[in-house]
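# Breakdown of the fold
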Amino acid sequence: MKTGSSLATPPAVRPSCWYDAYFFDLDGTIYLGDEALPGAVETIACLRRRGVQVRFLSNNPTKSPQQYVDKLAGMGIATTLDEITTSITTTVWWLTTYHREATIFPIAEEPLCQALREAGFRLSDDPSQIDIVIASYDRGFDYAKLQTAFDALWYHKRAILIQTNPDRYCPFPDGRGQPDAAAITAAIEACAQVPCQASMGKPSPLLLEAGLAGLDLPHDRCIMTGDRLGTDIRMAIDAHMPAAVVFTGEARPEDLTALHADVFRLNSINQLLPG
Ligand SMILES: [Mg+2]
């Protein structure tokens, strides 16, 4: 069971300057469940008024970019499709680039399956035909899907395993959460005894590169804000991009280590703006 910290909330460590582009995680950073987190709507509105670039980078493959545009609009955050990059975006890009002719078995919800079909991929649940098994955040995961992945990977020994994102759970408003793609990946790895060969979500640089597309900006003029040290913040550190962790999702102040010495620390998303 997750328990709250008994430590007093440390003071925020805030940026003292403006950046030219702001990258945001979504779950646990901009909203929890269907509710915008305190300060999120105002922070995005302030950045819009300033005329800087805003991008949203989510590992969550259970919604299409259009569904994210609609969800954010419902919270009062206006966005456009080109401002949303998810692990669906990177998964389709990676498969199109490196495995154009592959037959895919996506253990995934409809938005990823639809994106793969629209990109022209052949989807199959015949283990003798499958070249790539995708482990994803799939709330319809069941024993039959596990058996198909097991047969394709272990019995036929022809498929490879990739995942959309490495998150172990998706945070919920009540402090609970929902098992995410890491759990499904682990179930397949445990029985098939084959390692996952590629991950399409943060901290992979794929998601950041996709988000940076069209922005002619050096990394040090951008800032990445997220609630997870192992994905959002790790990706930014690896890319030498300024980063801010916000303690409204997974990470707690006591989780930070020497690796995070230069990471801004926010108790609320509006502390991202210079005071
Ligand atoms: Mg998050």
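Placed above this text is the structure.
A brief structural summary. (Residues numbered from 1 in each chain as written. Predicted model: local features only at pLDDT ≥ 70, side-chain atom pairs only at ≥ 80, totals over all residues.)

Right, let's get into the sheet that holds strand β12 (residues 198-199). Spatially, β7-β6-β8-β9-β12 is the arrangement adopted by the five strands of the open sheet, whose pairing is parallel. The outermost strands of the open sheet, each flanked by one partner alone, are β7 (122-123) and β12. As paired elements, strand β6 (residues 103-107) and strand β8 (residues 132-135) share four bridges and run parallel to each other. Looking at β8, one finds that Phe105 is bridged to Val133. (Pairing = 2+ DSSP bridges. Helix = DSSP H or I, 4+ residues; strand = E, 2+ residues; numbered from the N terminus.)

Our focus in this paragraph is unusual backbone geometry. Geometrically, the link from Lys202 to Pro203 is a cis peptide bond, its omega value of 10° lying close to zero. Within the element layout of this structure, Pro203 appears in the loop between β12 and α7 (205-212). Even without glycine at this site, Gln193 takes up a positive phi of about 60°. On the secondary structure map, Gln193 appears in the loop between α6 (181-192) and β12. Using a count of 10 C-beta atoms within 10 Å as the deciding quantity, one classes Gln193 as exposed. (Buried ≥ 20, exposed ≤ 12 C-beta atoms within 10 Å, placed from the backbone.)

Let's shift gears to the packing of helix α3 (residues 87-98) against α7. Where α3 contacts α7, the axes come no closer than 9 Å and their chain directions differ by 100°. Judged on the interaxial angle alone, α7 and α3 are roughly perpendicular. In this structure, α3 contributes Ser87, Thr89, Thr90, Trp93 and Trp94 to the contact, and α7 contributes Leu206, Leu207 and Ala210. A breakdown of the residues in the contact of α3 with α7 according to their chemical character gives five nonpolar, three polar and no charged. (Axes fitted to C-alpha atoms, helices over the stretch in contact; angles between N-to-C directions. Parallel < 35°, antiparallel > 145°, perpendicular 65-115°, else oblique. Contact = placed C-beta atoms within 7 Å. Nonpolar A, V, L, I, M, F, W, Y, C, P; charged D, E, K, R; others polar.)

It is worth stressing that arrangement in space is one thing and function is another; only the former is reported here.
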